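For reference, the chains in residue letters:
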Amino acid sequence: MTEKNDELESVMRDLHALETQLNRVLVGQQQLIRQLLIAVFAGGHVLLEGLPGLGKTQLAKALARSLGLDLGRVQCTPDLLPADITGSEILLSDKAGTGTLQFRPGPVFANLVLVDEINRATPRTQSALLEAMQERQVTCGGERHVLPEPFWIIATQNPIELEGTYPLPEAQLDRFLCKLLLPYPEAGSLDALLDTSLDQEPVDQLNAVCSVERTRELHRAAQQVLVARDVRAGAIRLILATQKDSEYASATARQHIRYGASPRALLSIIRAARVRALFEGRAHVAFEDIAALARPVLRHRILLHTSSALEGNTERTVLEQILEEWVQANQ
Amino acid sequence: MDRFLLAVRRRLWSIRLAEAGHRMLWYSGIALLALAGIHRLIAAVTMALVLAVVGLLAFVLLFRVVRQRPSHRQCAVHADRVFNGYALMTTAVECRNTSENADSFAVKTVLRQANDAAASWSPEISRRLRRTPTSTTVLAIIPLFVALVLLSLPGARFNAEADRSTADSARLPATDKDTSPHPGTDDVAKLRRIIADETTTNAHPSDGQPSTTDIFPAQHNETESAPEISNLAEPAGGTAGIASLAGNDDSLPGDAIARSTDSLNSRPAESSFQSSERVELQRTGPTLSTGTGSNTYSGDGQRREVRLPELVRAAAAPDSLAQSTVLSRAQAAYARRYLEQSGKSND
C-alpha cells in the first residue's frame, strides 16, 4: 500500500517540478504550461497559437530540455517541401563509385518537433505531417521509417498576418490533441521577464527534470488512471452535444454547428483528463477534469455554419454555450 | 467506506420517504379540493371515497419509494455530488466491483482515498443531506386543510334533500298555529304532492288521503276524509276518473270550496304564484258557475266560476285542463267529486 502511495506521490512530484521549471522560463502562463504538459503526457500533439514574440519557441525548447528530449525544428515557409520535413533519399557514392540511395532523415525525426508557423506551409507540405502525427512514421521511397519514441509535434501559428497562409485542413486539425492559446502577458509578467531574459537565455540554464525513460513511465502512469462509467458517459454526452444530428445535441449545436467533434476528440479528452487528475493528486478522473479540458480539446474541432459565422458567432462563443449546458446537465 | 455508503443510503431513503410524504400532502390536497368542489356543487362525497383517494395516493407514492431503494452506486454518486468528491466514491465502488487492474497503483490509491474520505465525511451526512424544509411541508398542508373544511360542510345532494324534506313537511296537516294562508308556490307544491300521492294510492282510496285542508289549508278543520284527487296529468278516462274521486266519506266539502275561495281571495295581489289560469270555485247551489266564462284568475281577488257542464267535460277529459294550473285542476277534481256526491244524493 505504501509503495503504491509513493508511486502516485512521485508522479505528482515530477509533474509539478516540470511545471515549476517551465514557469520560470515563460512567466505568467501557468495555465498554458499546465495544459501543455497535460497534452504531452497524454501522448498528443499540440497546436499553439499566439502573437509573435510571446515565447512559443522558447517554450518548446524549455520543454525539450526539461524532458531530456531531442528537439527538431521546422520553420515553415510557402516554398517548404515535404521532403524538407520528412527527409529524403540522397544518392551517395562510395570509393568504388557505386551509388547508393540513403535515407537522410528530416527534422521530424526527433522526440519533440517544433513546427513554426505551420499555416504558412503549403497544403502539400502540411499533409506530409499527417502521417507523422498519426502513424508516427514516414514513408519515403516506398520504405517506412519509424519515428523515435516518444514523439510529439508542437505546431505554432500566427493569428495575424494571414495573407499568403494556408489554413490547416480539418483532417489535420483533428490530429492535434489540443489547441492552446498564448495570451499576452500582464505587466507583472513582463517585469519578471526582464529579470530572467534580458541578458541571457533562460533555456540554456535548464537541466533535465525527467529522463526519457521517466517520461515514458509518467505516460504509462497516466494510462492507469481510472475513469468511472459515469464520467465516461458524461464525456460522451459532451462530444455528442456538439453533433447537431445526435440525440444529445444541444440547441446551440443544432443552430450553429456544421461539423462537430469526432470520436478522436473523445479519446483526446479522456487521455488529457487522466493526466490532469494526476496533477490534482488523484488517480481517478472527475467531471471537473473533463470540463476543464473541454475548451482546449474541442475549440479547433468544431466548424460553424457560414451564416452563423457571419452573424458574429465564433467557435469559442458557441463552445462556451454548449459547455454551460453540459455542466448544468451534469451537476 | 461500506459503512459510509450504508449511512448515506439510510439517509437518502429517509429523505425520499419524507419527500414522498410531502408530495402526498400536495397531491392529496389537490385531489381533495377537487372532491370538495364536487361535494359542494354536484353531489355529496362520502368519507369512504375521500379515504380511498388519500389511501391510494399514499400507497402509490410509498410503493415507488420502497421500490426505488438507492443502490450503492447511486449513494456513491450522491455522496460525490454533496461532498465535492470529484467522482471518488463512484470510482471506488466501480473498482471494488471489478477485478481488472486490482493491483495497479490507481486502484489502490482510489480505495485508500475513498476510505479516508468516508471517515471524514460520515459525521457530515445528516448536515449535508438535508430533508425538505418544514416550511414547505406546512405550505403543503394548507390546501389539504381547506379541502377537509369544505368536505365537512353539507354536500349538494344533502341540500337537495333538505329542500325535498321542506316540501314534505309542507304536506303535513297544518297546526292550529298555522292559520295564515301560505304563499301561492306552497299551495302549488302541496297540490302537486297531493296529485302525485293520489296517483300512487288510487287502489287504496281510504289510505292516508290528503284532506281538503291540504288544498285549502287555511280554514278547513273538518275531519272528513279528503277526497281523492286523480292525477289530472294522466288521462284517467271517462268515468274511471270520476270513479277515482269516490271516497268513503259522503259528506260534501262544499263549505271547503267557499272557504277556499276566501283563502284564495285573501292572497295578496303580488302572489308569487305566477300562473294566470287559476279557477275559483264558488258554490252557488247545485251548480257551479263562472262569472265571466273565463277560467282565468287575474290575481286581483275577482271570483270566477266554472260552469257545471264545463266541469263535467273536464272530468271526462282531464287533459283539457292541461293548460290550467295545478290549483285549478285540483279544484276541478274537487268539483268532480262534488258533482258525484250530488248525483248520489239526488239518487
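This text goes with the structure placed above it.
Predicted model only: the values in this text are computed from it and were never measured. One numbering rule holds for all chains: residues counted from 1, following each sequence as written. Naming scheme: in the order in which they are written, chains are lettered from A and ligands are numbered from 1. For a predicted model such as this one, the threshold for reporting local features is a pLDDT of at least 70, and the threshold for listing and counting side-chain atom pairs is 80 or more; totals across whole chains, interfaces and linings nevertheless cover every residue. The side-chain values count all of the structure's non-hydrogen atoms but skip hydrogen atoms and water molecules.

### Details of the packing of aromatic side chains
Residues and elements named next belong to chain B.
No. 1: Ring pairs are drawn from Phe, Tyr and Trp, using the six-membered ring of Trp, whenever the two centres fall within 6.5 Å, and their geometry is named by plane angle: stacked under 30 degrees, edge-to-face over 60, tilted for the rest. A full pass over the atoms with the stated rule returns 6 aromatic pairs over all chains.
No. 2: Seen from their ring centres, F4 and W121 are 5.9 Å apart, and the 55° between their planes marks the pair as tilted. Of this pair, F4 sits in helix α1 (residues 2-41) while W121 sits in helix α5 (residues 105-121), placing them 117 residues apart in sequence.
No. 3: Every member of this aromatic cluster is reached through a ring pair, and the members are F4, F83 and W121. Secondary structure is summarised from DSSP: a helix means a run of H or I of at least four residues, a strand means a run of E of at least two, and numbering begins at the N terminus for each.

### Some thoughts on the side chain of R301 of chain A
All names here are of chain A.
No. 1: Among the structural elements, R301 can be located in the loop between α12 (287-298) and β11 (303-304).
No. 2: Residue R301 is classed as buried on the basis of its relative accessible area of 7%.
No. 3: Engagement of the side chain of R301 in a polar contact is seen with the backbone oxygen of L177, the distance being 3.0 Å.
No. 4: We call two residues in contact whenever any of their non-hydrogen atoms come within 4.5 Å of each other. The residues contacting R301, other than those within four sequence positions of it, are D174, F176, L177, Y259, G260, A261, S262, R264, A265 and S268. When accessible area is computed with a 1.4 Å probe and restricted to protein chains, residues below 20% of their type maximum are described as buried, those above 50% as exposed, and intermediate ones as partly exposed. Polar contacts here mean pairs of N or O atoms no more than 3.5 Å apart (in protein, one a potential hydrogen donor and the other a potential acceptor; neighbouring residues in sequence count only if both atoms are side-chain atoms).

### Comments concerning the packing of helix α9 (residues 229-241) of chain A against helix α11 (residues 263-279) of chain A
For any two helices packed against each other, one specifies the inter-axial angle together with the distance between the axes.
Residue and element names in this part refer to chain A.
No. 1: To define axes, lines are fitted to C-alpha atoms, for helices over the stretch in contact only, and angles between the resulting N-to-C directions are given on a 0 to 180 degree scale. At a minimum axis separation of 10 Å, α9 and α11 run at an interaxial angle of 140°. What the angle tells us is that α9 and α11 run oblique. Read as a crossing pair, α9 and α11 show a hand that is right-handed. Side by side, α9 and α11 meet where A235, I236, L238 and I239 of the first sit next to A265, L266, I269 and I270 of the second.
No. 2: As a working rule, the residues Ala, Val, Leu, Ile, Met, Phe, Trp, Tyr, Cys and Pro are called nonpolar, Asp, Glu, Lys and Arg charged, and the rest polar, with Gly in that last group. Of the residues in the contact of α9 with α11, the class split is 8 nonpolar, no polar and no charged. Roughly parallel here means an angle under 35 degrees, roughly antiparallel means over 145, roughly perpendicular means 65 to 115, and every remaining angle is called oblique. Crossings are assigned a handedness: left-handed for a near helix turned anticlockwise from the far helix by less than a right angle, right-handed for a clockwise turn.

### Observations regarding the interface of chain B and chain A
No. 1: Between chain B and chain A, the residue contacts involve 21 residues of the former and 23 residues of the latter.
No. 2: Accessible-area loss on putting two parts together, using a 1.4 Å probe and summing over both, is the definition of buried area adopted here. Together, the buried faces of chain B and chain A total about 1800 Å²; carbon and sulfur atoms form 65% of this surface.
No. 3: Together, Y86, E94 and F105 of chain B form the three largest contributors to the area buried by chain B at its contact with chain A, with a combined 39%.
No. 4: In what follows, salt bridge is the name for a side-chain nitrogen of Lys or Arg lying within 4 Å of a carboxyl oxygen of Asp or Glu. For the pair chain B and chain A, the number of links is 1 salt bridge.
No. 5: Taken together, the connections running from chain B to chain A amount to 5 residue pairs in polar contact (both at pLDDT 80 or more).
No. 6: Of all the secondary structure elements, the ones that give two or more residues to the side of chain B that touches chain A are α3 (72-83), α4 (88-97) and α5 of chain B.
No. 7: If you tally residues by element for the side of chain B that touches chain A, the top one is α5 of chain B, at 8 residues.

### Things to note about the pairing of strand β3 (residues 87-93) of chain A
Regular strands place side chains that alternate from one sheet face to the opposite one.
Residue and element names in this part refer to chain A.
No. 1: Inspection of the sheet shows β3 paired to strand β4 (residues 99-105) by 7 bridges, in the antiparallel sense. Considered in β4, the bridge of L92 is made with T100.
No. 2: The antiparallel pairing of β3 with β4 creates a hairpin that spans 5 residues between the two strands, and G97 there sits at a positive phi of about 85°. In this description, strands pair whenever DSSP reports at least two bridges between them.

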